[in-house]
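# Working through the structure, step by step
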Amino acid sequence: MLKIRNYRYFGACILLCVGVVFFFVLNIGIGSVRISINDIVRSMTGGECNETVKRILWDIRLPRATAVLILGGALALSGYLLQTFFHNPIAGPFVLGISSGGKMVVALVMVFLLGQGIRFTSAAMILAAFAGAMLSMGFVLVVSRRVHNMSMLVVSGVMIGYICSAITELVVTFADDAQIVNLHNWSQGSFSGMTWENVREMAVVVSITFVLVFLLSKPLSAYQLGEVYAKNMGVNIRFLRVELVLLSSILSACIVAFAGPISFVGIATPHLVKKLLKTAKPIWMIPACFLGGSVFCLFCDLLARTLLAPTELSISTVTAVFGAPVVLWVMISKRRERMA
């Protein structure tokens, strides 16, 4: 029986890997200029290829698709950590206002530094987004101690998100025209304009965070069975909670810094992956959530670029269309379980 389960888990992970490769190839091949599989292979292996195609592939599509893969996985993993931390199936960086907090501080710092003529680096954006994420997380933690109702916690998170968004809009009002264009595009959520430098920085941050999260598989497994059980198993609950807060905030900050706030991926993907695996074991859920988030975002980004081409939709518009029904399904399922 154990072998059959393990085969299922491996099979699900392989399926997700195939999905990542499939949508990654579609993302770099489909666009205003179609690039064939042969051209992609020739360009990547150093063969003869049209110079324009090569530039489009290496300077625009490959860094963007790689960024979507990394940040999509990070977003889903952040959602999984928050759902585990709060024991709340609809907790996520966007719903709890954590992404909005990161967006607010990045907007403040961006307008101030650009106004002073100071270059705004990717590292500064990540730090600013992390500070904002931690600020919002602090408010959510205070509310969660006083409110034990799941729906009230979500409402509180939404209110925090609205407050942060209102402050961001106020900041944009006082920005000059060039800053407003950059802030508006970024605040709507977009993977456009990614560079290999951005990809290197996000890859380092997300890779280190992913390894640290994976090392928490065992204590997380015990934590899921209850705090008393986890304590009896020797888990330091307070330290584990601090780790979950920090790691989920780092992942959220990285996403907001490079792509802006993206909705529903962090909530919907862990549930879809759990349905696919038919297990909640962290040792399988952590890598599967990352792969699932990558597939989800690659698919949504492809639609965002191509549905109304040459106009590009914001990524949050597309993720909301596919993610919101999953959230509604989760809420209805939980209500039925309580009534049964």
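See the structure above.
Residues numbered from 1 in each chain as written. Predicted model: local features only at pLDDT ≥ 70, side-chain atom pairs only at ≥ 80, totals over all residues. Heavy atoms only, no water.

### Observations concerning empty space enclosed by the protein
All told, the structure shown has 1 cavity of 30 Å³ or more when counted by the stated rule. By volume, the largest cavity is sized at about 30 Å³. Every residue lining the largest cavity is listed: Leu-75, Pro-93, Phe-94, Val-95, Ile-262, Ser-263, Phe-264, Val-265, Gly-266 and Ile-267. The biggest single contributor to the lining of the largest cavity is helix 12 (residues 265–277), with 3 residues. By residue class, the composition of the lining of the largest cavity is 8 nonpolar, 2 polar and no charged. (1 Å grid on protein atoms, 1.4 Å probe; cavity = no way out; pocket = protein on both sides within 12 Å on 5 of 7 lines; lining within 4 Å. Points joined across faces, edges and corners; volume = space filled by probe spheres on them. Helix = DSSP H or I, 4+ residues; strand = E, 2+ residues; numbered from the N terminus. Nonpolar A, V, L, I, M, F, W, Y, C, P; charged D, E, K, R; others polar.)

### Focus on the packing of aromatic side chains
A complete count under the given rule lists 9 aromatic pairs for this structure. Seen from their ring centres, Phe-10 and Trp-284 are 5.1 Å apart, and the 85 degrees between their planes marks the pair as edge-to-face. Of this pair, Phe-10 sits in helix 1 (residues 2–29) while Trp-284 sits in helix 13 (residues 282–306), and the two are 274 residues apart along the sequence. With centroids separated by 6.4 Å and ring planes inclined at 15 degrees, the aromatic side chains of Phe-210 and Phe-214 adopt a geometry described as stacked. On the criterion of helical spacing, the pair formed by Phe-210 and Phe-214 is a turn pair, its members being 4 residues apart in helix 8 (residues 196–214). The class of Phe-214 is partly exposed, set by a relative accessible area of 33%. Here the aromatic residues Phe-22, Phe-23, Phe-299 and Phe-322 are joined through ring pairs into a cluster of three or more. (Phe/Tyr/Trp six-rings, centres within 6.5 Å; stacked < 30°, edge-to-face > 60°. Buried < 20%, exposed > 50% of the residue type's maximum accessible area, 1.4 Å probe, protein only.)

### Section: the nonpolar core
One finds Leu-71 and Phe-86 to be the most contacted residues of the largest nonpolar core, which totals 91 residues. Sequence-distant contacts of Leu-71, that is, excluding residues within four places in its chain, are made with Phe-191, Met-194, Met-202, Cys-254, Ile-255, Phe-258 and Ala-259. With 8 residues, the next largest nonpolar core counts Ile-90, Val-95, Ile-267 and Val-327 among its residues. (Core = buried A, V, L, I, M, F, W, Y, C linked by side-chain atoms within 4.5 Å. Contact = heavy atoms within 4.5 Å.)

### With respect to the packing of helix 3 (residues 51–86) against helix 11 (residues 237–259)
Put simply, helix 3 and helix 11 touch, their axes get as near as 9 Å, and they point 150 degrees apart. By the angle between their axes, helix 3 is roughly antiparallel relative to helix 11. Regarding helix 3 and helix 11, the two cross each other, and that crossing is left-handed. Along the contact surface, helix 3 presents Leu-71, Ala-74, Leu-75, Leu-77, Ser-78, Leu-81, Leu-82 and Phe-85, while helix 11 presents Arg-241, Leu-244, Val-245, Leu-247, Ser-248, Leu-251, Ser-252, Cys-254, Ile-255, Phe-258 and Ala-259. Partitioned by chemical class, the residues of the contact of helix 3 with helix 11 number 15 nonpolar, 3 polar and 1 charged. (Axes fitted to C-alpha atoms, helices over the stretch in contact; angles between N-to-C directions. Parallel < 35°, antiparallel > 145°, perpendicular 65-115°, else oblique. Left-handed = near helix turned anticlockwise from the far one by under 90°.)

### Some remarks on unusual backbone geometry
Positioned with a positive phi, Phe-264 is a non-glycine residue whose angle comes to about 70 degrees. Mapped onto the elements of the fold, Phe-264 is located in the loop between helix 11 and helix 12.

### Notes on the pattern of salt bridges
The final tally for this structure, using the stated rule, is 5 salt bridges. Among the salt bridges present, the one from Arg-42 reaches Asp-39, with a minimum N-O distance of 2.5 Å. Placement of both Arg-42 and Asp-39 in helix 2 (residues 37–44) is noted, with a separation of 3 residues, approximately one turn of the helix. The class for Arg-42 is partly exposed, based on a relative accessible area of 35%. Judged by relative accessible area, which is 18%, Asp-39 ranks as buried. Arg-64 is paired through a salt bridge with Asp-301; the nearest N and O atoms lie 2.8 Å apart. Note that Arg-64 is positioned in helix 3 and Asp-301 in helix 13, a separation of 237 residues in sequence. Among the charged side chains, a salt-bridge network with shared partners connects Arg-64, Asp-301 and Glu-312. (Salt bridge = Lys/Arg side-chain N within 4 Å of Asp/Glu carboxyl O.)

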